[in-house]
Amino acid sequence: MAKQHDYTSLIEWTGDRGQGTKTYRGYDRTWTIATPGKPPVPCSNDPLLGGDPTLHNPEDLLLSSLSACHMLWYLHLASVAGIVVRGYRDQPIGVGESTPDGAGRFLSATLKPHIRVERGADLAKADAIHHEIHKVCFIARSVNFPVTYAATYEEAAD
């Protein structure tokens, strides 16, 4: 039987310049994310929509969450399979679209992990792990767009 989990967060808008939303250009698209016991994360809208390019936006966070979930499951499943991972770095790419009315969505995401494994590791077995992750990754199972991967590998120098 499945167990239900609750996740909480506090999103607080910080963009009032003194007159609220009186005019469309009169306020900032900034806010903070706060979760219990963790430091707040300052955020902004996508720069394409007038946001601050130095702050995280929802699209950044979704893509990063997807990548991090995949990585954590990869490390777990690699450990179970006897594949020793010595380094893992991903540079995922999300493809989105915006329609003339301003609506947007992700069309796809490609995870591009570069994984450093212990010398002599079975690279076919290491690569096969990716195919199992989509069955268990909380974030990947929750999105409504295709997620693919293009992993590369190197052997650790020891």
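Residues numbered from 1 in each chain as written. Predicted model: local features only at pLDDT ≥ 70, side-chain atom pairs only at ≥ 80, totals over all residues. Heavy atoms only, no water.

A. Spatial organisation of the packing of aromatic side chains. What the rule picks out here adds up to five aromatic pairs. Taking 6.0 Å as the distance between ring centres and 80 degrees as the angle between the ring planes, the aromatic pair formed by Trp13 and Tyr27 counts as edge-to-face. A residue pair is termed long-range when its members are at least 10 positions apart, and Trp13 in strand S1 (residues 10-13) and Tyr27 in the loop between S1 and strand S2 (30-34) qualify at 14 residues. Under the relative-accessibility criterion, Trp13 is labelled partly exposed at 41%. Accessibility expressed as a relative area gives 17% for Tyr27, which makes it buried. Ring centres of Tyr24 and Tyr27 lie 6.3 Å apart, and the angle between their planes is 85 degrees; on these two criteria the pair is classed as edge-to-face. The class for Tyr24 is exposed, based on a relative accessible area of 55%. (Phe/Tyr/Trp six-rings, centres within 6.5 Å; stacked < 30°, edge-to-face > 60°. Helix = DSSP H or I, 4+ residues; strand = E, 2+ residues; numbered from the N terminus. Buried < 20%, exposed > 50% of the residue type's maximum accessible area, 1.4 Å probe, protein only.)

B. Region of the structure containing the packing of helix H1 (residues 58-81) against helix H2 (residues 123-133). Here H1 crosses H2 at 130 degrees, and the two axes come no closer than 9 Å. By the angle between their directions, the pair H1 and H2 is classed as oblique. Read as a crossing pair, H1 and H2 show a hand that is right-handed. On H2, the residues that touch His70, Trp73, Tyr74, Leu77, Ala78 and Ala81 of H1 are Lys125, Ala126, Ile129, His130, Glu132 and Ile133. Tallied by class, the residues present in the contact of H1 with H2 amount to eight nonpolar, two polar and two charged. (Axes fitted to C-alpha atoms, helices over the stretch in contact; angles between N-to-C directions. Parallel < 35°, antiparallel > 145°, perpendicular 65-115°, else oblique. Left-handed = near helix turned anticlockwise from the far one by under 90°. Contact = heavy atoms within 4.5 Å. Nonpolar A, V, L, I, M, F, W, Y, C, P; charged D, E, K, R; others polar.)

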